[in-house]
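Each chain, letter by letter, is given below.
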Amino acid sequence: MSVQDDKRENQMVDRFNLEVPEDRKRSDIDAYLTVDGHRVAFELKSATSKGVSTVRDLGPNHFAKWKDIHWIFGFYNSNGTRLLECYYASPDDMSEWISGKEDYVRPDVELAEDAMRGITAESVIRILGKKEFYTKKDAKWVMKNQWSAAKYGEEADLVLGSEVGYSLDRMVSLMGERCRYVMSRGATLNNPHIPLRYIQKLPKITEEHAMNLRRLVRDYLQKASSTDEATA
C-alpha cells in the first residue's frame, strides 16, 4: 500500500469510527465495526478516478475472504487530499461483481486442480459441457488473451457453416496448454477494477458518516437475520 493510500484509509477509519487491530498485516481485514454485538469486517477502498482498483493477484483466497465482508468506497478530489463522498456495500451488494470475477477465473482453477491427474475429455465436459462442436467463444473462455485472433483459427479442427470450431479431442489439447500456462502464473486476475457505474448504485454517504454507516449495517443485519429465520 502506498503512503497516499494508507493516509486515505486512515482518514476513512477515523471518519467512520472503525476499529483497526494493532497487529494488522497487509493481507488482513482492513477494519471492523461492532454493531448490536456483531463484529463486522470491512474492506476499505479509495480512488480519485472512474473506477476502484482491488488487488494485484485476485484469486480464490480473495473470493473466500470477501464472501461475508462489507465495503466502503471513498472518492477524493483530483489530488487525493479531500474526501468528497463515500458508498457503502453490503456482502449482498458486492456478490454480483465478486461472483462474476470468480466465474471468470473458474476454468483456470478447475484446470489447476486437474493438473496432477492430467487433462482429459472429462475435464472439458465438466467445464464446458458435452458437445459435438465447441465454438470459438468456448475456446476464448478457456484461453482468454493467451492466444491471438489468428491462433484461434489455426487451432480449429471443425467447420460448421461459416464458423470454425473445435472437437472434444482438440479441446483436450487446448486445455492442456492452458493448464501449463496457469500453473506458471497462478489462477488470478491482475487488479480488476470495480467500475464507477457499479458503485454509484450503492447507498451514498456524504455526512454523519459514522451514524449513517451504522444505520446501513444494522438494516442489513436485520434483513439477513429475517431471511435466515424464514429459511430455517
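Given the structure is predicted, the values throughout are model-derived calculations rather than measurements.

Description of the pairing of strand β8 (residues 163-166)
When strand β6 (residues 134-135) meets β8, the two strands line up antiparallel, connected through two bridges. The partner of Thr-135 across the bridge, within β8, is Gly-165. Strand direction decides the pairing type here: strand β7 (residues 158-160) and β8, joined by three bridges, are antiparallel. If you follow Leu-160 over to β8, its bridge partner there is Glu-163. Count of turn residues in the β7/β8 antiparallel hairpin: two residues, of which Gly-161 carries a positive phi of about 65°.

What about the nonpolar core?
Counting 24 residues, the largest nonpolar core has Trp-66, Trp-71, Phe-73, Met-94, Trp-97, Ile-194 and Ile-199 as its most contacted members. Elements represented by at least two residues in this core include exactly β2 (38-47), α2 (60-66), β4 (70-76), β5 (83-89), α3 (91-114) and α8 (196-199). At four residues, the largest contribution of residues to this core is made by α3. The contact partners of Trp-66, leaving out residues within four places of it in the chain, are Glu-43, Thr-54, Val-55, Leu-58, Trp-71, Trp-97 and Ile-98. Residues Met-12, Val-13, Phe-16 and Leu-18 belong to the second largest nonpolar core, which totals 21 residues.

Quick look at the sheet that holds β2
Strand order in the open sheet formed by five strands is β1-β2-β4-β5-β10, with mixed pairing between adjacent strands. At either end of the open sheet lies a strand with only one pairing partner, and these are β1 (31-35) and β10 (204-205). Bridge analysis of β2 against β4 gives six bridges, and the strand direction is parallel. By the bridge assignment for β4, Phe-42 is matched with His-70.

Observations regarding α3
Maximum bend of α3: about 45°, positioned at Val-105, with proline Pro-107 one to four residues after it. Within α3 the residues assigned to the buried category are Pro-91, Met-94, Trp-97, Ile-98, Val-105, Pro-107, Asp-108, Glu-110, Leu-111 and Asp-114.

Considerations on the pattern of salt bridges
Summed over the entire model, instances satisfying the criterion amount to 12 salt bridges. A salt bridge links Asp-108 to Lys-144; the shortest N-O distance between them is 3.7 Å. Pair noted here: Asp-108 is in helix α3 and Lys-144 is in the loop between α5 (136-143) and α6 (149-155), with a separation of 36 residues, a long-range link. The exposure class of Asp-108 is buried, given its relative accessible area of 2%. Look at Lys-144 and you get buried, because its relative accessible area is 12%. Through salt bridges with shared partners, a single ionic network connects Glu-43, Lys-45 and Lys-65.

What counts and what doesn't
- Residues numbered from 1 in each chain as written.
- Predicted model: local features only at pLDDT ≥ 70, side-chain atom pairs only at ≥ 80, totals over all residues.
- Heavy atoms only, no water.
- Pairing = 2+ DSSP bridges.
- Helix = DSSP H or I, 4+ residues; strand = E, 2+ residues; numbered from the N terminus.
- Core = buried A, V, L, I, M, F, W, Y, C linked by side-chain atoms within 4.5 Å.
- Buried < 20%, exposed > 50% of the residue type's maximum accessible area, 1.4 Å probe, protein only.
- Contact = heavy atoms within 4.5 Å.
- Bend = angle between axes of the 7 residues up to and from the residue.
- Salt bridge = Lys/Arg side-chain N within 4 Å of Asp/Glu carboxyl O.

All quantities given are derived from atomic positions and should not be read as evidence of function.
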